[in-house]
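Listed below are the residues making up each chain.
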Amino acid sequence: MKYKILLMVTIFLFSLTLTSAAKDKIVFADPGWDSARFHNGIAQTIIEEGYGYPTEVIAGSTAATFLGLIEGDIDVYMEVWTANLGDTYYDPINKGEIIEVTVNFNDNAEGIYVPTYVIKGDSKRGIEALAPDLKNVVDLKKYWEVFKDEEEPSKGRVYGAIPGWRVDEILRLKMKTWGLDETYNYFSPGSDSALAAVIVGAYEKGEPIAAYHWEPTWVMGMLDMTLLGDEPYSKEKWTEENGYACEWAAMDITIAVNKDFPERAPEIVEFLKNYHTTSAMANSALAYMMENDCETMDASIWFLKTREDVWVKWVPEDIAQKVKEAIK
Amino acid sequence: MNILFDFPEFFKINLGQHVENFEKWLIHNYDFFFDAIKEGVLWFLLQARSVFMWIPWFAVIIIVFILGWKLINIKSGVTFAGLLFIIGAMGLWDEMMLTLAVVLVAVVIACLIGVPLGILVAYNSRLGALVKPVLDAMQTMPSFVYLIPAIMLFGLGSVPAVFATVIYATPPAIRLTNLAIKGVSKEMVEAGHAFGSTTWQILTKIELPQAFPTIMMGINQTTMMAMSMVVISSMIGAKGLGLNVLQAINRINIAMGFEAGISIVFLAITIDRITQGIANKYKYPK
């Protein structure tokens, strides 16, 4: 019996070494949101069909997958929200543990959102405009009763960012800068899926809600939400001493790879360096996914089929030809 | 050939879609019902929280010391008081109290549901066959699967946290109550019948006192289960130690994670030993 198990283990290990004898597998991170999966799908398809590398995706929380990138279990991270991660991102870059390859896109938005029906009402659903003069975040002050916190009814509730994200600390400071901390509780939603669920839930019921969110996400693609205004961005105001007294600058969403990766697959890094998209592209692809009830991979293929003008120039001609053949 | 290796599309069912539609229907039509539950749980929770936040820290430590001393021995009393003191010294006292409030409310609700249901199940084996798979589902279904719809119904905050904890922590209360009632010796019950006791008398005067230590073990298990849900609770907006753990995880901050994590362990040990002590104290002489 013992020998049998030993034999089986040996065969198993042997088969493992056999499969990895070909081209090295390239591992992508799935930190848990759709736009990252969408970019993974594009890169995976191009790398598998064009360059002939097998690929794999490891899913996990942002922190866990990022640690994987530093440790080398993950090779490529297609969507790093740099300012959200803060030092978690910049420290390993400075230490040379990971390498920033390029900016994937930088036309995103973030801030405090409310459903548009809170401001304009929705006659079709029979929702009254509860806060008709709400335009800027500071206007929330006079409407705190609209956004009442049930656990502490003497104040309103603003749903903040995910605990541990850099933006969580920034938002806490901004609440004071806006002067909202007197009339509002800053509520920690715990996880991004919980934040998305509470926004969608309130929207379904037609209830008012004020919550931090960002684009591109399927939530923003699917619901009619309004980003509340803030002071125009300037470098002087966006400091900790000044309490981040202006709107968010569009953040660089970068592609990062492990430090050993360029050595292993230089031509892939070359391709990733050319990789550049926009939020609008991701939004439309994710909306396509939601409408057709399909997977992110289908959205990626859809993108490759319809937007040849964008991606063909990322890769040499022969590679592009191979990819085109494969997705036909 | 493919028919042998690929499961035929022909049999495809969209079970999940029906569940989703049902949930949407609930949101639109039974909003008031869930709002009422929410109000009730919230009221209870706010009371518990304000009481916990009102008790001075040293009073809590003294109470825990006395409980440990009277229920077990003086060494245990000192240990428990020491454990809580360390939590306070790490600057996590308020977080601990907030955690305790959620756990307490969840355990009370779980017992209010679990103990009577356990008794019913012990009396009615057909009901038992029905309840058992439900209990299995409650303990093995990944929490976020039912939490996302729960958030849509209850919003974010301590209420869905209590909801999640109750779902996960009720099964041991039901199971052990059931076991305890069934474990009462037949002779005793027969003697009761012989003296002309009613079913109610048999239950309250013979079965429940004898079953008490085992039921207490069930409540002890329920409490421990509730403690293990602390981090999940924080993922849906409950304040307390879980939130610190979450922050630490997201920042890969080992120091902060350890402090909050070990505090949860200390708290769990203290609660576990004290409830076990109560169970042992009232053990029925054989």
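The residue count restarts for each chain, going from 1 along the sequence in the order it is written. The lettering of chains begins at A and the numbering of ligands begins at 1, in the order of writing. Owing to the predicted nature of the model, reporting of local features is limited to residues with pLDDT of at least 70; listing and counting of side-chain atom pairs is limited to 80 or more, with chain, interface and lining totals taken over all residues. Hydrogens are left out, water is left out, and the side-chain values use all remaining heavy atoms of the structure.

### What to know about the overall build of chain B
Okay, so step 1: The helix and strand inventory of chain B stands at 14 helices and zero strands.
Okay, so step 2: Helical segments are the DSSP runs of H or I of at least four residues, strand segments are the runs of E of at least two, and each set is numbered from the N terminus. Reading chain B from its N end, one meets helices and strands in the order α-α-α-α-α-α-α-α-α-α-α-α-α-α.
Okay, so step 3: Across its three principal axes, chain B shows a C-alpha extent of roughly 70 × 60 × 45 Å.
Okay, so step 4: Relative accessible area decides the class of each residue, using a 1.4 Å probe on protein chains only: under 20% of the type maximum gives buried, over 50% gives exposed, and in between gives partly exposed. Burial status across chain B gives 46% buried among its 286 residues.
Okay, so step 5: We call two residues in contact whenever any of their non-hydrogen atoms come within 4.5 Å of each other. Considering only contacts in chain B between residues 6 or more positions apart, those separated by 24 or more positions represent 77%.
Okay, so step 6: Residue exposure ignores everything except the shown protein chains as possible cover, and the areas themselves are Shrake-Rupley values with a 1.4 Å probe. Summing over all exposed atoms, chain B offers an accessible surface of approximately 15500 Å²; the carbon and sulfur share of this is 71%.

### Thoughts on the packing of helix α8 (residues 143-154) of chain B against helix α9 (residues 158-183) of chain B
Residue and element names in this part refer to chain B.
Okay, so step 1: Taken N-terminus to C-terminus, the directions of α8 and α9 make an angle of 140°; their axes are 9 Å apart at the nearest point. Accordingly, the angle class assigned to the pair α8 and α9 is oblique. Judged by the sense of rotation from one axis to the other, the crossing of α8 with α9 is right-handed. When α8 is examined against α9, the residues Tyr 146, Leu 147, Ala 150 and Phe 154 are found in contact with a partner set consisting of Val 159, Pro 160, Phe 163, Ala 164 and Ile 167. Interaxial angle, 0 to 180 degrees, is taken between N-to-C directions of lines fitted to C-alpha atoms, where a helix line uses only the stretch in contact. Put simply, angles under 35 degrees are roughly parallel, angles over 145 are roughly antiparallel, angles from 65 to 115 are roughly perpendicular, and the rest are oblique. Throughout, a crossing is termed right-handed when the near helix is turned clockwise from the far one, and left-handed when it is turned anticlockwise from it by less than a right angle.

### Observations regarding the pattern of salt bridges
Okay, so step 1: Should a side-chain nitrogen of Lys or Arg be within 4 Å of a carboxyl oxygen of Asp or Glu, the pair is scored as a salt bridge. In the structure shown here, the tally under the stated rule is 19 salt bridges over all chains.
Okay, so step 2: We note a salt bridge from Lys 25 of chain A to Glu 56 of chain A, for which the minimum N-O separation is 3.6 Å. Taken as a pair, Lys 25 of chain A in the loop between α1 (2-19) and β1 (26-30) and Glu 56 of chain A in strand β2 (residues 55-59) lie far apart in primary sequence, 31 residues in all.
Okay, so step 3: Assessed through its relative accessible area of 32%, Glu 56 of chain A is described here as partly exposed.
Okay, so step 4: What emerges from the salt-bridge pattern is a single network uniting Asp 149, Glu 151 and Arg 157 of chain A together with Arg 49 of chain B.

### Notes on the nonpolar core
Soluble globular proteins: nonpolar side chains tend toward being buried together.
Okay, so step 1: What is meant by a nonpolar core is a set of buried Ala, Val, Leu, Ile, Met, Phe, Trp, Tyr and Cys residues, joined one to another through side-chain atoms within 4.5 Å. Counting 89 residues, the largest nonpolar core has Ile 112, Leu 134, Leu 140, Phe 147 and Ile 199 of chain A together with Val 162 of chain B as the members making the most contacts within it.
Okay, so step 2: Of the residues forming this core, the biggest block, nine residues, is contributed by helix α8 (residues 192-205) of chain A.
Okay, so step 3: Once residues within four sequence positions are removed from consideration, Ile 112 of chain A is found in contact with Val 137, Leu 140, Val 158, Leu 171, Trp 178, Ala 210, Ala 211, Tyr 212, Thr 226, Leu 227 and Leu 228 of chain A.

### Let's talk about the interface of chain B and chain A
Okay, so step 1: At the interface, 30 residues of chain B touch 28 residues of chain A.
Okay, so step 2: Buried area is a sum: the accessible area each of two parts loses on coming together, probed at 1.4 Å, counted once for each and added. Of the roughly 2400 Å² buried at the junction of chain B and chain A (both faces included), carbon and sulfur atoms supply 58%.
Okay, so step 3: Residue Arg 49 of chain B pairs with Glu 151 of chain A through a salt bridge whose shortest N-O separation is 3.5 Å.
Okay, so step 4: Definition of a polar contact: a pair of N or O atoms within 3.5 Å, with one able to donate and the other able to accept a hydrogen when the atoms are protein atoms, and with sequence-neighbouring residues admitted only if both atoms are side-chain atoms. In this structure, the connection of chain B to chain A is made through eight residue pairs in polar contact (both at pLDDT 80 or more).
Okay, so step 5: For the side of chain B that touches chain A, the secondary structure elements donating two or more residues are α2 (15-29), α3 (31-54), α8, α9, α12 (230-235) and α13 (241-251) of chain B.
Okay, so step 6: Here the side of chain B that touches chain A gets six residues from one element, more than from any other, and that element is α13 of chain B.
Okay, so step 7: When residues are sorted by character, Ala, Val, Leu, Ile, Met, Phe, Trp, Tyr, Cys and Pro go into the nonpolar class, Asp, Glu, Lys and Arg into the charged class, and all the rest, Gly among them, into the polar class. Each residue belonging to the side of chain B that touches chain A can be placed in one class, and the counts come to 16 nonpolar, eight polar and six charged.

### Concerning the packing of aromatic side chains
Residue and element names in this part refer to chain A.
Okay, so step 1: A pair of aromatic rings is counted whenever rings of Phe, Tyr or Trp (Trp by its six-membered ring) have centres within 6.5 Å, and the orientation is called stacked for planes under 30 degrees apart, edge-to-face for over 60 and tilted otherwise. Tallied over the full model, the rule gives 25 aromatic pairs over all chains.
Okay, so step 2: When the ring of Tyr 233 is compared with that of Trp 238, the centres are 6.3 Å apart and the planes differ by 50°; the resulting orientation is tilted.
Okay, so step 3: Trp 238 sits in the buried class, given a relative accessible area of 18%.
Okay, so step 4: It is Arg 157 that lies over the ring of Phe 187; its NZ or CZ is 3.8 Å from the centre.
Okay, so step 5: Throughout this description, the term charge over a ring refers to an Arg CZ or Lys NZ atom that lies within 6 Å of the ring centre and within 35 degrees of the ring normal. The positively charged end of Lys 174 is found above the aromatic ring belonging to Trp 248, 4.9 Å away from the centroid.

### Things to note about the pairing of β2 of chain A
All names here are of chain A.
Okay, so step 1: Relative to β2, β1 runs parallel, the two sharing five bridges. In the sheet register, Phe 28 faces β2, and the bridge partner there is Val 57.
Okay, so step 2: A crossover gets the label right-handed when its path from the first strand over the helix to the second runs clockwise, viewed with the strands pointing away from the viewer. Regarding topology, helix α2 (residues 34-51) serves as the crossover connection from β1 to the parallel β2, and that connection is right-handed. Strand pairing is assigned whenever DSSP detects at least two bridges linking the two strands.

### Quick look at α8 of chain B
Okay, so step 1: Here α8 of chain B spans 15 Å end to end across 12 residues, near enough to the 16 Å set by a 1.5 Å rise per residue.
Okay, so step 2: Taken residue by residue, α8 of chain B has Ser 143, Tyr 146, Leu 147, Ala 150, Ile 151, Met 152, Leu 153 and Phe 154 of chain B as its buried positions.
Okay, so step 3: Residues of α8 of chain B that are buried in the fold lie against α8 of chain A together with α2, α3, α7 (125-140), α9 and α12 of chain B.
Okay, so step 4: Note on α8 of chain B: the residue one or two positions beyond its end, Gly 155 of chain B, has a positive phi of about 80°. By this rule the span expected of a helix is its residue count minus one, scaled by 1.5 Å.

### Re empty space enclosed by the protein
Residue and element names in this part refer to chain A.
Okay, so step 1: Cavity means a closed set of points on a 1 Å grid over the protein atoms alone, one where a 1.4 Å probe fits but cannot get out, pocket means an open set with protein on both sides within 12 Å along at least 5 of 7 lines, and lining means a residue has an atom within 4 Å of a point. Grid points are joined across faces, edges and corners, and a volume is the space filled by probe spheres set on the points. Across all of its chains, the model carries three cavities of 30 Å³ or more by this definition.
Okay, so step 2: A volume near 110 Å³ is recorded for the largest cavity.
Okay, so step 3: Taken together, Trp 33, Thr 62, Tyr 77, Glu 79, Trp 81, Asn 84, Leu 85, Trp 165 and Trp 214 make up the lining of the largest cavity.
Okay, so step 4: Taken together, the elements giving at least two residues each to the lining of the largest cavity come down to β3 (76-81) and α4 (82-85).
Okay, so step 5: Ranked by residues supplied to the lining of the largest cavity, first place goes to β3 with three residues.
Okay, so step 6: When the residues that make up the lining of the largest cavity are grouped by side-chain class, the tally is six nonpolar, two polar and one charged.
Okay, so step 7: Roughly 80 Å³ of internal volume is contained in the second largest cavity.

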